[in-house]
Amino acid sequence: MKQGRMAWRLAALLLMLPMAAGAQGVRIVGEHLPPSSMMEGNVVVGRETMKVREIMARAGIGYAIELLPWKRAYAQALREPDTCIFSTSRTQEREALFRWIGPLNEAEWVLYGLAERRLALRTLDDARGLVIGTVLGDARDDYLRQRGLNVAPVTQEWLNPQKLLLGRIDLWAVGMAVGSKPFLGKEWEGKVVPLLTFNRVQTYLACNKQLPEAQAAAMQRAAAAMRRDGSMAREQLR
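Residues numbered from 1 in each chain as written. Predicted model: local features only at pLDDT ≥ 70, side-chain atom pairs only at ≥ 80, totals over all residues. Heavy atoms only, no water.

Draft legend 1. Quick peek at the overall build of the protein. When you go through the protein residue by residue, the secondary structure sums to seven helices and 10 strands. Burial statistics for the protein: of 238 residues in total, 50% are counted as buried. A separation of at least 24 residues holds for 72% of the contacts in the protein among residues at least 6 apart in sequence. Summed over its atoms, the accessible surface of the protein is roughly 11,700 Å², and 53% of this surface lies on carbon and sulfur atoms. (Helix = DSSP H or I, 4+ residues; strand = E, 2+ residues; numbered from the N terminus. Buried < 20%, exposed > 50% of the residue type's maximum accessible area, 1.4 Å probe, protein only. Contact = heavy atoms within 4.5 Å. Areas by Shrake-Rupley, 256 points an atom, 1.4 Å probe, with all protein chains shown as cover.)

Written as structure tokens, this is what we have:
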């Protein structure tokens, strides 16, 4: 039923794209991170993906969207004009690097560990000496490095739970929408437990600084309208 609703909504958004005829297209990149962004056949879908698609449809701007490894996607958004990346944590270190469209969501950064180890963490200092799985180039990776924590980055998030279950890392730094249950139905559900929430951030569609101001303004107006009419929150529940 949920897949049917998503397919119908995606078709409706795609039908709105002719509004953008003649407008300069925007390239949007993200990473494979279900349920926020993933492939369904040859189409990129997911909760955050649908928000981005609706922003672009309401703004009347043509676009193409694809999923890449995070570090590659982030580098392209920094380097290539008319390129945006989602969902990007808005941090002080990144503030001057992008035009920010959103927010799309609020996220918690949480350290997870194996339930059987019964680790107890009260602060990040308690994690010193432990190996933390991160994603290369991710904001959580940067945050923990800057504080002197021992990180073991991978290029794809899905590798971290495997490494945790095999004992190759002690902790896994996870970013998740506030109130979500990202491991529901996964094979490691119950084996991997939250130990410490160490930060809260808002996530955005982050666009190259050379994106035309008029386009960025139209996209931000669309995002603001979605927050006002409740459609941004509704997408989070799908």
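Draft legend 2. Geometry of the packing of aromatic side chains. Throughout the structure, instances matching the rule amount to 11 aromatic pairs. Relative to Phe198, the ring of Tyr143 lies with its centre 5.8 Å away and its plane at 40 degrees, an arrangement referred to as tilted. Taken together, the residues span a long stretch of sequence, with Tyr143 in helix H4 (residues 139-146) and Phe198 in strand S10 (residues 192-208) at a distance of 55 residues. Taken as a pair, Tyr143 and Phe198 share a single burial class, namely buried. Plain terms: the ring middles of Trp172 and Trp188 are 6.3 Å apart, the flat faces sit at 75 degrees to each other, and that makes the pair edge-to-face. Of this pair, Trp172 sits in strand S9 (residues 171-177) while Trp188 sits in the loop between S9 and S10, placing them 16 residues apart in sequence. You'll find Trp172 and Trp188 in the same group, each marked buried. Grouped by ring-pair contacts, the aromatic residues Trp70, Tyr74, Phe98, Trp100 and Tyr204 constitute a single cluster. (Phe/Tyr/Trp six-rings, centres within 6.5 Å; stacked < 30°, edge-to-face > 60°.)

Draft legend 3. Summary view of the packing of helix H2 (residues 47-59) against helix H6 (residues 213-229). Close contact between H2 and H6 brings their axes to 8 Å; oriented N to C, the two are set at 115 degrees. Every pair of crossing elements has a handedness; the one defined by H2 and H6 is right-handed. Residues Lys51, Glu54, Ile55, Met56, Arg58 and Ala59 of H2 touch H6, and the partners they reach there are Ala218, Met219, Ala222, Ala223, Ala225, Met226 and Asp229. (Axes fitted to C-alpha atoms, helices over the stretch in contact; angles between N-to-C directions. Left-handed = near helix turned anticlockwise from the far one by under 90°.)

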